[in-house]
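Now for the letters of each chain:
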Amino acid sequence: MVDTVDTGDTVDTEETVIISNSFPRALLMFIKTIRTLEDMVVMVDMVDMVVKHLPFWTVFNSLDELKKRIQEIANADGFVIVTRRSKKIGGRTGRVWLECDRGGEHQSTATLRKAGSKKTGCPFYLLAVRNHPYETWEIKDGTIEHNHELCEDLSAHAFVRRFTPSEMKLIEQLTAQNMEPRKIFQTIRKQDPDRFHVQKDVQNVVAKIRAEQRQGLTPMQSLENVLMKNDFIYEIREEPGTEIVTEIFFLHRDSRVLWRAFPHVMMIDATYKTNIYNMPFIQIVGMTPTNKSFIIAHAVVSKERGDNFVWVLERVKAMLDECMEPRVILTDRDLALMGACAKVFPDASRLLCRWHIQQNVMKHCKGAFTDDDWKTFLSFWGSLIESPSIPIYDYHLRNMRKRLVECKRSRVFKYVYDNWLKDYKEMFVFAWTDKRRNFGNRTTNRVESQHANLKRYVEDRSSLDRIVGCVRDIVETQFGEIRKTFRESIEKTMKHHKHPMFQHLLGKVSHKALDLLHGEAIRRLDVLERFNSSCGCQMWHSCGLPCACRIEKYMREEHPIQLEDIDVFWRKLNFQSCKLIDDSLDVVEELDVVRQQLQSHPPAQQKSLLSKIKAVLTPTKSTKKPPVVQQNTRGRPTTKQVQERLDEASRIDEELRRSSFGDANTCFEGSRQSKYDKPRHSSYVPSQASQQSVIRSQKPKATLSRSKSSKKKETRDDHGFPLIIGDEYVGIIERFKSDIPPVFHPYVSCIRDVMPDGHCGFRSVAVGLGMDQSSWGRIRRDLVQEMDQNESIWFPIFEAWAAGYFYTHRQGLIWDSVAGCGENHWMDFPFAGLLIAQTYGIGVHLLTTTMGASSTYFPILSPPANQQPLFITLTHVNENHFIHVKLEGDYPMPPAHGLWLTHRRPHTEQWEDMYLPRLEWYTSIMNPRPRSNPSLNYIDSYTEE
């Protein structure tokens, strides 16, 4: 039996010859035909070639085995075998014609794209026949000629790039896990580097798999089908009259469980370039007590406007079913979103993302600084934002303004103040935000993290049904991780949590809460006490956990922290919803109500309503149309793009204003649906010019104006404080000039404000003595030591003022705690003035316009040590704060206080004698002699004559 027939008279040894496994019989028949020596040579060549290509068995046990072997031989020789057709015999495949993949003719019907083909009409073919008695396969006939050159590289042949069944299964599994095609391709390539696959092959297979999953459904039918099959709760809003979808809201069942259990914190932000419709994709994120983020819900909206956000937030609120509403909401400065949050959740604290603010400040201000100066500015900016109280905020604000004015960067201060601090400081400065529960959240970085997590699963501009599949995987993963952290907090005890103070909290609050408490205790010991700082109680107010001063009290009394002192947020380690009412539902009763309402309508309307109900229950029959692809997408446009859009909007509105519908003097409102909407993204901060109506043919700028008018410098009256030179001191002079008696203005050379934390008087004394203001603790200790060393002298002086006042005043000077300083521990004049003067052997001036008259204090026990003793000047301002003022020159000196005059020792009179002219000068200024009447003087002189 001949498996391959050579139609020529001679055998071309250069041609590839394909012969079946039954070659001994074929070779025997060929030997019988040998007539010449040349035939013998041909026979030897055939034997060599047959032995080279054929296996050691004689027949193929299956068609697949035959095809595989033939394909291996063909590929080795530079061409590809494909199945041309087959024929059934007895109901089973009996004959198969195999041919070169370049056989046949190319017949293209493509009209929209250019098409080509590798087909050349190659005559090569083989006939494989099934041997019925033995169920084996053999090659019966064929032609081994080609009309083309054989290939050295077969990568251009699609057939050899086909995936095996095992590879197809792997692609399906990885696609189900939302792995990107390029990563799937790399996985397959590593398994078999010698294959000819390219990335496009994987992309085609993935596209085919997804098309099969859609089952011929429309995009919206496929989306609703996926949402319903995966137990999502969703709502869709359509444009009236068109059935075009404008908003889609959805959340997973696990997200609903988490949201109802932990509704304390809500963060909202939008991301872009996620879906094929270019619609903003909103993610709403929450937080668990174990410091894990979880996705609450997602929404796709057509526009980022107030009514769109309200619609989304109302759906979020509805999921709570009368549970506790969020206590804090964090967003960027999107005015529409901020307004929607205030409307839907009016009782929640609303904060702005500090990170977004920092990015805006960097964008608009960094160009005005060198690298080193920028780091210095960020330090001032950070101190300002982190101010623990309003007085300290004012203090840092004045310092920052002073430094910026000094280095000729007043425009930077104008930007940060006008755009952020003036109207929004209560939403991101710690002095305000840490007085409300925020549980340590000051940015929307948790949402940004979820954006990045989603985009690891989703390709740019994916279909909505695929995004839903990715969301399902992400939420289910989060749910499992959160459940694990709950069990760890209950069952596992960390080494650094084994403290007697935490014994009532172990297993009952989250590890994160214990970590915060442990850190607060270390902060009390290592930071606050070392730098003589006050607690500020930020941990207590913002997180609901005992702060440093409360921990100090627990340690001093040797009592453990009680569970009742921990906010309920940290104590919840389960998924039970914090519901306030029973949310059970009687389905039969509700359907009866729906049926009664349907029957009340006319038959035609009943049919219409019933079709809508069926469409909800059977999404595969939905008639909703997919959203319109957005052309003018959001995102973060460059400054040039912002200006181009504004200019185009101005031009269009100007054309509308001067259209043929009116004369040139008639003004018309611009179109509300203008294609060129004004840019309004979260990081865009309009200048005053950009807030004006573009109808006035002005060109508003998106950045700070550099016109000369914006550089107008503030000026002051140099005659008021002639010793203080420079516009950088304008702010502090304007703030305190009304608190400094005018008689001293010409002699003031420096005004130094100190931190207003209850220690301001002692800080001012430290500054006057040449120390840093943080040395206020040393000043307190020195004054107490003075009272103790000379108790026999000071006791009668204090007791003469009020019974028991010596011990009251002494106790008021003592402050070793890190808690905030109360009024009982503030500096108390006039006795503080006497103590300071005696302790340091100096003179002390107290200037005031509200607390009686200004006065001077000298030491009551010791005379001047030299001819030029040191004087320090404290000024009482705002009726509750002390600052340091430096006086220079022979200034008029306020009179000595009455207590000094009463209790001084005789030898200390030298102080008054030394400065008597200046003391009298001040008295003459403050109490001038009455002018004499000139006419009376004239009469007196005339009478004497």
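Now for a look at the structure at hand. Everything numeric here is computed off the predicted structure, so don't read it as measured data.

**Points about the overall build of the chain**
Point 1. The secondary structure content of the chain amounts to 34 helices and 16 strands.
Point 2. Considering the chain as a whole, with its 945 residues, one finds that 45% of them fall into the buried category.
Point 3. Sequence-distant contacts in the chain: of pairs separated by 6 or more residues, those separated by 24 or more amount to 65%.
Point 4. Counting only carbon and sulfur atoms, one obtains 51% of the accessible surface of the chain, whose full area is about 50200 Å².

**Quick word on helix α20 (residues 548-557)**
Point 1. Of all the positions in α20, only A548, C549, I551, E552 and Y554 are classed as buried.
Point 2. One or two residues past the end of α20 sits E558, with phi positive at roughly 55 degrees.

**Description of the environment of R472**
Point 1. Note that R472 resides in helix α17 (residues 464-491).
Point 2. Classification of R472 as partly exposed rests on a relative accessible area of 21%.
Point 3. Spatially, the C-alpha atoms of R472 and L251 are 9.0 Å apart, while their sequence positions differ by 221 residues.
Point 4. Setting aside residues no more than four positions away along its own chain, R472 makes contact with A176, N230, F232 and H252.

**Side note on the sheet that holds strand β4 (residues 136-143)**
Point 1. Pairing is antiparallel in the open sheet, where four strands are placed in the order β1-β2-β3-β4. Two strands bound the open sheet, and with one partner strand each, they are β1 (81-89) and β4. Each neighbouring strand pair of the sheet contributes to a mean axis angle of 25 degrees, computed without reference to strand direction.
Point 2. As judged from the five bridges shared by strand β2 (residues 92-100) and strand β3 (residues 125-131), these two strands associate in the antiparallel manner. Counted as the bridge partner of W97 is L127 from β3.

**Brief notes about the side chain of H197**
Point 1. Here H197 is to be found in the loop between α5 (181-191) and α6 (199-214).
Point 2. At 3.4 Å, the side chain of H197 forms a polar contact with the side chain of E167.
Point 3. In contact with H197, other than residues within four places in its own chain, are R161, R162, F163, E167, F185 and I188.

**Considerations on the sheet that holds strand β9 (residues 293-301)**
Point 1. Across the sheet, which stays open at both edges, the seven strands sit in the order β5-β6-β9-β8-β7-β10-β11 with mixed pairing between neighbours. The sheet is open, and its two edges are formed by β5 (232-238) and β11 (349-352), each paired on a single side. Taking the axes of each pair of neighbouring strands and ignoring which way they run, one obtains an average angle of 20 degrees across the sheet.
Point 2. Relative to β9, strand β6 (residues 245-252) runs antiparallel, the two sharing four bridges. Across the sheet, I248 pairs through a bridge with V300, a residue of β9.
Point 3. Running at roughly 165 degrees to β9, α17 makes contact with β5, β6, β8 (281-287) and β9 of the sheet.

**Considering the nonpolar core**
Point 1. Counting 64 residues, the largest nonpolar core has I751 and M827 as the members making the most contacts within it.
Point 2. The dominant element in this core, judged by the number of residues it contributes, is helix α30 (residues 831-840), at six residues.
Point 3. Not counting chain neighbours up to four residues away, the residues in contact with I751 comprise I724, I732, I733, F736, I740, I883 and H884.
Point 4. In terms of nonpolar packing, the next biggest core, distinct from the first, is built from 38 residues, M266, V316, M319 and I329 among them.

**Concerning unusual backbone geometry**
Point 1. Cis geometry is adopted by the peptide bond preceding P830, which originates at F829 and carries an omega value of 15 degrees.
Point 2. As for its placement among the helices and strands, P830 is situated in the loop between α29 (805-813) and α30.
Point 3. In this structure, K273 takes a positive phi of about 60 degrees despite not being glycine.
Point 4. Although it is not a glycine, F439 sits at a positive phi angle of roughly 55 degrees.
Point 5. Considering the arrangement of structural elements, one finds F439 in the loop between α15 (430-433) and α16 (445-457).
Point 6. With relative accessibility at 3%, the residue F439 sits in the buried group.

**Some details on a nonpolar patch on the surface**
Point 1. A contiguous nonpolar patch, built from V594, L610 and I613 and spanning about 200 Å² of accessible area, is present on the exposed surface.
Point 2. For V594, the position within the fold is in helix α22 (residues 587-599).
Point 3. Residue classification places V594 among the partly exposed residues on the basis of a relative accessible area of 33%.

**Digging into the packing of α16 against α17**
Point 1. Where α16 contacts α17, the axes come no closer than 10 Å and their chain directions differ by 120 degrees. With respect to α17, the axis of α16 lies oblique. The hand of the α16/α17 crossing is right-handed. Here Q450, N453, L454 and Y457 of α16 come into contact with α17, specifically with R466, C470, V471, I474 and Q478.
Point 2. Here the contact of α16 with α17 is built from residues that sort into five nonpolar, three polar and one charged.

**Topic: the pairing of β9**
Point 1. Buried residues dominate β9, accounting for nine of its nine residues.
Point 2. As judged from the seven bridges shared by β8 and β9, these two strands associate in the antiparallel manner. Each residue of the ladder has a partner; that of I282, found in β9, is A299.
Point 3. Once β8 ends, the chain turns through five residues before running back antiparallel as β9, passing N291 with a positive phi of about 70 degrees.

**Considerations on the packing of aromatic side chains**
Point 1. Under the defined criterion, the tally for this structure stands at 34 aromatic pairs.
Point 2. Judged by centre distance (5.2 Å) and plane angle (75 degrees), the rings of Y393 and W432 are edge-to-face. In this pair, Y393 is assigned in helix α13 (residues 390-406) and W432 in helix α15, connecting sequence segments 39 residues apart.
Point 3. For Y393, a relative accessible area of 2% puts it in the buried group.
Point 4. Judged by relative accessible area, which is 17%, W432 ranks as buried.
Point 5. Taken together, a centroid distance of 6.0 Å and an interplanar angle of 70 degrees make the contact between F439 and W570 edge-to-face. Remark: W570 occurs in helix α21 (residues 568-571) and F439 occurs in the loop between α15 and α16; sequence separation between them is 131 residues.
Point 6. Clustering of aromatic rings is evident, with ring pairs tying together W794, F795, F798, W801, Y805, F806, Y807 and F831.

**Digging into the environment of Q283**
Point 1. For Q283, the location among the structural elements is in strand β8.
Point 2. Residue Q283 is classed as buried on the basis of its relative accessible area of 0%.
Point 3. Sequence spacing of Q283 and H451 is 168 residues, and the spatial spacing of their C-alpha atoms is 7.7 Å.
Point 4. What Q283 contacts, discounting residues up to four positions off in sequence, is M267, I268, D269, I295, A297, H298, V447, Q450, H451 and L454.
Point 5. There is a polar contact of 2.5 Å between the side chain of Q283 and the side chain of H451.

**Considering the packing of helix α8 (residues 253-261) against α17**
Helix-helix packing is characterised by the crossing angle of the two axes and by the distance between the axes.
Point 1. Where α8 meets α17, the closest approach of the two axes is 9 Å, and the angle between their N-to-C directions is 45 degrees. Regarding the angle of α8 to α17, the classification is oblique. Judged by the sense of rotation from one axis to the other, the crossing of α8 with α17 is left-handed. Here R253, D254, S255, V257 and L258 of α8 lie close against α17, whose contacting residues are V475, E476, F479 and I482.
Point 2. In terms of residue class, the contact of α8 with α17 is made up of five nonpolar, one polar and three charged.

**Quick look at the environment of S817**
Point 1. Locating S817 in the fold gives a position in the loop between α29 and α30.
Point 2. On the basis of relative accessible area, S817 is assigned to the partly exposed category, the value being 22%.
Point 3. Linking S817 and K553, residues 264 residues apart in sequence, is a C-alpha distance of 9.3 Å.

**Looking at the side chain of R315**
Point 1. Among the structural elements, R315 can be located in helix α9 (residues 306-318).
Point 2. You can call R315 buried: its relative accessible area is 16%.
Point 3. In this structure R315 touches E235 and F249, once residues within four positions along its chain are discounted.

**Digging into the pattern of salt bridges**
Point 1. For the structure on display, the rule yields 30 salt bridges.
Point 2. A salt bridge links R237 to E247; the shortest N-O distance between them is 2.9 Å. One end of the pair, R237, is in strand β5; the other, E247, is in strand β6, and ten residues separate them in sequence.
Point 3. Owing to a relative accessible area of 1%, E247 belongs among the buried residues under this scheme.
Point 4. The salt bridge involving R810 is made with D788; its shortest N-O contact spans 2.8 Å. With a gap of 22 residues between them, R810 in helix α29 and D788 in helix α27 (residues 776-789) connect regions that are remote in the sequence.
Point 5. Taken together, the salt bridges that share partners define one network made up of R92, R130 and E135.

The rules we used
- Residues numbered from 1 in each chain as written.
- Predicted model: local features only at pLDDT ≥ 70, side-chain atom pairs only at ≥ 80, totals over all residues.
- Heavy atoms only, no water.
- Helix = DSSP H or I, 4+ residues; strand = E, 2+ residues; numbered from the N terminus.
- Buried < 20%, exposed > 50% of the residue type's maximum accessible area, 1.4 Å probe, protein only.
- Contact = heavy atoms within 4.5 Å.
- Areas by Shrake-Rupley, 256 points an atom, 1.4 Å probe, with all protein chains shown as cover.
- Pairing = 2+ DSSP bridges.
- Axes fitted to C-alpha atoms, helices over the stretch in contact; angles between N-to-C directions.
- Polar contact = N/O pair within 3.5 Å; in protein donor to acceptor, adjacent residues only side chain to side chain.
- Core = buried A, V, L, I, M, F, W, Y, C linked by side-chain atoms within 4.5 Å.
- Patch = residues over 30% accessible without salt bridge, like charges linked within 9 Å, V, L, I, M, F, W, Y side chains within 5 Å.
- Salt bridge = Lys/Arg side-chain N within 4 Å of Asp/Glu carboxyl O.
- Parallel < 35°, antiparallel > 145°, perpendicular 65-115°, else oblique.
- Left-handed = near helix turned anticlockwise from the far one by under 90°.
- Nonpolar A, V, L, I, M, F, W, Y, C, P; charged D, E, K, R; others polar.
- Phe/Tyr/Trp six-rings, centres within 6.5 Å; stacked < 30°, edge-to-face > 60°.

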